[in-house]
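Chain and residue survey
The lines below spell out each chain.
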Amino acid sequence: MQNMRSIITLSLLGILFFVGCSKDTSEFKIKYDKYTLKNGLTVVLQEDKSDPIVSVAILYHVGSNREVKGRTGFAHLFEHMMFQESEHVGQDQFFKIVQGAGGTLNGGTWTDGTVYFEVVPKNALEKVLWLESDRMGFLLPTVTQEAFENQQAVVQNEKRQSYDNRPYGQTNYVIDKLLYPANHPYNWQTIGEMEDLRNATLKDVHDFYKKWYVPNNATLVISGDFDEEQTKELVKKYFGELKSSGKVEDMNPMPVVLNKSKRAYYEDNFAESPELNMVFPTVEQFTKDSYALGFLSELLAGNKKSPLYKIIVEEKKLAPSVAAFQNSSEIAGDFRIRVRTFPDIKLSNVETAIKEAFAKFEKDGFTEQDIERIKAKTETNFYNGISSVFMKSYQLALYNEFAGSPDFISKDLQNTLDVTKADVMRVYNKYIKDKPYVLTSFVPKGRKDLAAGNSVLFPIKEEKVEEQGKVSSGEENNVSGEIKTEEIVSSFDRNIEPPVGPDPVLKVPPVWSGELSNGIKIYGIEYKELPLVQFAITVKGGMLMDDPDKIGVANLITDEMMQGTRNKTPIELEEAIDDLGATINMYTTKQSIVIEASCLASKFEDTYKLVEEILFEPRWDKKEFDRVKNETIESIKRKKVDPSSVAASVFNKLIYGKNNIIANDTYGTVESVQAITVDDLKNYYENNFAPRLAFITIAGEVPEDNAVKLFRSLENKWQKKDVQLPGINVPEKPEHPSIYFVDFPNAKQSAIRIGTLGLKYTDPDYYKAVVMNYKLGGSFNGRVNMILREEKGYTYGARTSFSAALYPGTFVALSNVRTNTTFESVKIFMDELNKYRQGISEEDLQFTKNALIKSNARRFETLGALRGMLNNIALYNLPFDYVKEQENIIKNMTLDEHKAIAQKYIQPDRMIYVIAGDAKTQMDKLKNLGIGTPVLLDREGNPVK
């Protein structure tokens, strides 16, 4: 496994086989036009006419590695601030304008870079260039002390949600502090130190922006359906007059060396099981050794015959899984082994087991076929990786900024192909064997006895509830007034928002269908843009068919059936899939069991034969069953330490009733899974796998006749069987509100879930309710998010949604909020839900219509999206053009209908309120909401006496 950039690096390998140059990549090219504006901005244009959309990606060569100790978190902060406003684009208009044009947008910051992107219908390209150029050249006048403080609060909530309020959230923080010296740019996390942001001045922030967010430190990539000459003129107009800064130098590699091993432990407030990380310093990206280290990680832990898996998972049964990966970044790298064990396992035993696995690796070695298999299985991943215009634009930007040219893709491919057995053993001996390492032990609170021997406590300052919400202020940091920014004169009036051209016409891809003699229906779309095929066989039933006393059987079946077949051991099945460069997965939902595959079109027949073998020749391996069962139990236990997971689980039980099968998680409970035997799986398989409940969906480069001919083998292999789906007991909505609290002592956030019973997918009101909900909380610009995140700074995000299935789903309003704003946040939810019942403005309704209708241009871009449409058609018996029917629902919705739907399905005085957080400081306050006294529940949803 690799980091973000190197995932792309490895996934590119397979293109070589398709173009017929398995040892020479010099002929491989992605067609594009690259040029540089006078101000230093690199522009890459890559035309793709397959869909009427464009992707605009801007990658700034600035991440947290451009910061200095004591002033960290600035790059990530600007990722947030650049979405707020700029001189000619109003507050919170970036999301609104792009979504209103039918587009999507986001950004991301990591150690080495920052990327912003939009994917929009092609008629909105100029609008996006106007937006991106304004925040590149005209952001600083809007970076005020007030705006700075607001986004500090949002960043703090992100840190609480992603790091402080979840198990093992501090792992990378501890590793990087131990591995990298104090002044090394990788010593701190991308999110930064909160103390640094609190101490930062507005001048610090302005200076950072002026140095790094400039044309000569960025690459702009436009990929999709556009006119090249016209686009060049637009790029020149909007970006050509922006000012560059002084020359920006690339960073030099700064690899680290450990003279001795470092060992530390940390008592994790949320973890129930110990975790050990063994980390070796290595090398930066795109070096010869980084490629070989990537292969080494696969050989050590990537499959069932890997030595780490054999020793730790199979032989010693210390953990349900093990992971190894090479993390190659711009200026340094590291090789990590991570083991998250079963409860009560001493991590000293894990450390010993890792060393035994190393000895096994040295003794047993590996084959040339193992090396070729690693290369071959990435081919399909490559094509999937370039199936969207966004991924194309992102990859081209990455290569240009970090390797000097998009053409580095050819060299990168060749570097991967050139890895040999000798290379792998060389890097193992050079970086891993008998070398010092960082060893971290994360153990449950009060269980330091489980830490690896000779580990010392690593101190982490924990935020106290009473300290929450503190941000920097100009007064504290001796800032008097706002900073005067230099006036930038434009050659045209940038206050005028560019109009959009005519909307692309919605073209639903042609769907073909067929039916086999045993009742299996087939739905397909032929898609010729890439040499790929994705298909799935779905059997309706899933958890709904479970015995209520043994919930989890259906889930275990899909895990167990991937553990070999009658004629293939688990290892042989895994290798057979990898030999084809395919992926095959099997999973269970509440209403179905699915086996799905993705492969090259040339490997479709062979891949399908493997799917058939898995489906009709289960191995029922007892050893694997015991392992999978234990792994499932451990997964269930781990969910119980996550406030968000617990809040969602308890919410479902309260909505449906504890005795209703829908209320359960597909995994089941610890007790139900412990009671399951292999015979239970066999009985479920024999009784419920029926062709009358099955359907097939397929999309890709395969003609209808070829697909149907292949699937006809199911007529003989899958005999008719009279199986009916069970009836669903639908509860009544409560007449009055009720509020419940699940205690997570010292939680840094409260997980809020508010809602009620919803609708079936086939209910005539379901899609109307989805449309109605959009402005409430169905997008970033929804009311609840704009208030709780952007205005108040209480959360990293807030949403509302309607879910639906063959049975009624739920309506839910949710957010993870700062602990000391729990009461205020629930009150805001209540107020906004009640206000929304009174109707919305004509402007908001038009925004909703534009966002949902115009986004249809993006709806059929990938094979996954096409197969998702086919799945809806098959599962819910929808017409092939149901998307057009949904579009008509949007177009025809009036203000009166919107209000009527809201009043019918948004009823706060009949909702269930669930909060998972720190009961000691927050529970009593909730009495003042006026919806009753909170009932304290345990993490299973049972009342606490």
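Before reading on, note that the structure itself is shown above.
A quick note: this is a predicted structure, and the numbers were derived from the prediction, not measured.

What counts, and where the lines are drawn
- Residues numbered from 1 in each chain as written.
- Predicted model: local features only at pLDDT ≥ 70, side-chain atom pairs only at ≥ 80, totals over all residues.
- Heavy atoms only, no water.
- Buried < 20%, exposed > 50% of the residue type's maximum accessible area, 1.4 Å probe, protein only.
- Helix = DSSP H or I, 4+ residues; strand = E, 2+ residues; numbered from the N terminus.
- Contact = heavy atoms within 4.5 Å.
- Phe/Tyr/Trp six-rings, centres within 6.5 Å; stacked < 30°, edge-to-face > 60°.
- Lys NZ or Arg CZ within 6 Å of the ring centre and 35° of its normal.
- Pairing = 2+ DSSP bridges.
- Polar contact = N/O pair within 3.5 Å; in protein donor to acceptor, adjacent residues only side chain to side chain.
- Core = buried A, V, L, I, M, F, W, Y, C linked by side-chain atoms within 4.5 Å.
- Axes fitted to C-alpha atoms, helices over the stretch in contact; angles between N-to-C directions.
- Parallel < 35°, antiparallel > 145°, perpendicular 65-115°, else oblique.
- Left-handed = near helix turned anticlockwise from the far one by under 90°.
- Salt bridge = Lys/Arg side-chain N within 4 Å of Asp/Glu carboxyl O.

**Regarding helix α20 (residues 570-579)**
Looking only at α20, the buried set comprises P570, L573, E575, A576, I577 and D578. In this structure, the buried side of α20 is in contact with α14 (368-376), β16 (583-588), α21 (604-616) and α22 (622-639).

**Brief notes about the packing of aromatic side chains**
For the structure shown, the criterion picks out 41 aromatic pairs. Considering the side-chain rings of F358 and Y428, the 6.0 Å spacing of their centres and the 75 degrees angle between planes classify their relative orientation as edge-to-face. Of this pair, F358 sits in helix α13 (residues 347-364) while Y428 sits in helix α18 (residues 421-432), and the two are 70 residues apart along the sequence. For the pair F358 and Y428, one class covers both residues: buried. Each residue in the set Y60, F74, F78, F83, F95, Y116, F208, Y209, Y213 and F780 is aromatic and connected to the rest through ring pairs, giving one cluster. Directly above the aromatic system of F83 lies the positively charged group of R135, at a separation of 4.7 Å from the ring centroid. Seen from the ring of F744, R939 lies directly overhead, with NZ or CZ sitting 3.7 Å from the centre.

**Some points on the pairing of strand β19 (residues 738-743)**
β19 sits mainly inside the fold: five of its six residues count as buried. Two elements, β19 and strand β23 (residues 912-917), share six bridges in a ladder whose sense is parallel. Pairing of S738 across the sheet is with I912, part of β23. Strand direction decides the pairing type here: β19 and strand β24 (residues 935-937), joined by three bridges, are parallel. Among the inter-strand pairings, Y740 is bridged to a residue of β24, identified as V935.

**Concerning unusual backbone geometry**
Most of the time, phi is negative for any residue but glycine, and the peptide bond is trans. Unusually for a residue other than glycine, D92 sits at a positive phi of about 60 degrees. Positive phi, normally seen in glycine, also occurs at Y168, with a value near 60 degrees. Along the chain, Y168 falls in the loop between α6 (145-164) and α7 (171-179). According to the relative accessible area criterion, Y168 is buried, its value standing at 8%.

**As for the environment of S133**
Checked against the element boundaries, S133 lands in helix α5 (residues 125-137). On a C-alpha basis, the gap between S133 and P215 in space is 9.5 Å, while along the polypeptide they are 82 residues apart. Setting aside chain neighbours within four positions, we find S133 in contact with F138, Y238, F239, L242 and R494. For S133, the side chain forms a polar contact with the side chain of R494, separated by 3.1 Å.

**Details of the nonpolar core**
Ranked by size, the top nonpolar core spans 99 residues in total, and within it I754, V826 and M869 carry the most contacts. The residues touching V826, leaving out its near neighbours within four places in the chain, are I752, I754, Y913, I915, L926 and L929. By size, the runner-up hydrophobic cluster in this structure holds 62 residues, among which are V43, L131, I191 and V205.

**Structural notes on the pairing of strand β18 (residues 694-700)**
For β18, the buried fraction is high: seven of the seven residues fall into the buried class. Along β18, one buried face is formed by A694, I696, I698 and G700 and the opposite face, lined by F695, T697 and A699, is buried too. With six bridges joining them, strand β14 (residues 521-526) and β18 adopt parallel strand pairing. Within the sheet, the bridge partner assigned to K521 lies in β18 and is F695. Strand direction decides the pairing type here: strand β15 (residues 532-540) and β18, joined by seven bridges, are antiparallel. Paired with F535 across the strands is I698, a residue of β18.

**Brief notes about helix α29 (residues 783-791)**
Along α29, seven of the nine residues are buried, which leaves the element largely enclosed by surrounding structure. Taken together, the buried positions of α29 are occupied by V784, N785, M786, I787, L788, R789 and E790. If you follow the buried residues of α29, they end up packed against α3 (74-81), α6, α28 (766-777), β21 (795-802) and α30 (822-836). One or two positions beyond α29, positive phi appears at G793, with a value near 70 degrees.

**With respect to the environment of L776**
Inspection of the secondary structure puts L776 in helix α28. Distance in space between the C-alpha atoms of L776 and Q91 is 19 Å, their sequence separation being 685 residues. If we skip the residues at most four places from it in the chain, L776 touches G782, R783, V784, T800, F811, E832, L833, Y836 and I906.

**A closer look at the side chain of K748**
Mapping K748 onto the fold places it in the loop between β19 and β20 (749-757). On the accessibility criterion, K748 (5% relative accessible area) is buried. At 3.1 Å, the side chain of K748 and the backbone oxygen of N746 are in polar contact.

**Things to note about the packing of α29 against α30**
Any two packed helices are characterised by the angle at which their axes cross and by the distance between the axes. The contact between α29 and α30 brings their axes to 10 Å, and the two run at 150 degrees. As summarised for this structure, α29 and α30 are arranged roughly antiparallel, according to the angle between their axes. Where α29 crosses over α30, the handedness of that crossing is right-handed. Touching R783, V784, I787 and L788 of α29 are S825, I828, F829, E832, K835 and Y836, all from α30.

**Concerning the sheet that holds β16**
Strand order in the open sheet made by the six strands is β13-β14-β18-β15-β17-β16, with mixed pairing throughout. This sheet does not close on itself; its edge strands, each paired only once, are β13 (512-515) and β16. Shown here is a sheet whose adjacent strand axes are inclined to one another by a mean of 15 degrees, direction ignored. On the sheet, helix α26 (residues 704-711) packs against β13, β14 and β18 and is oriented at approximately 25 degrees with respect to β13.

**A word on the side chain of S855**
Within the secondary structure, S855 sits in the loop between α31 (842-854) and α32 (863-876). Look past the residues within four positions of S855 in its chain and what remains in contact with it is G102 and N850.

**With respect to the pattern of salt bridges**
Inspection of every chain in the model, using the stated rule, returns 67 salt bridges. Salt-bridge contacts for D225 lead to K49; the nearest nitrogen and oxygen are separated by 3.1 Å. Of this pair, D225 sits in the loop between β6 (218-224) and α10 (228-239) while K49 is found in the loop between β2 (42-47) and β3 (53-60), placing the two residues 176 residues apart along the sequence. As a salt-bridge pair, D579 and R373 come within 2.8 Å of each other at their nearest N and O atoms.

**Considerations on the sheet that holds strand β11 (residues 438-444)**
Read from one edge of the open sheet, six strands run β9-β10-β8-β11-β7-β12, paired in mixed fashion. With partners counted over all chains shown, the strands left at the sheet margins are β9 (323-328) and β12 (456-457), one partner each. Summarising the sheet, strand β8 (residues 275-281) and β11 pair through five bridges and their orientation is antiparallel. Looking at the pairing, L276 lines up with S441 of β11.

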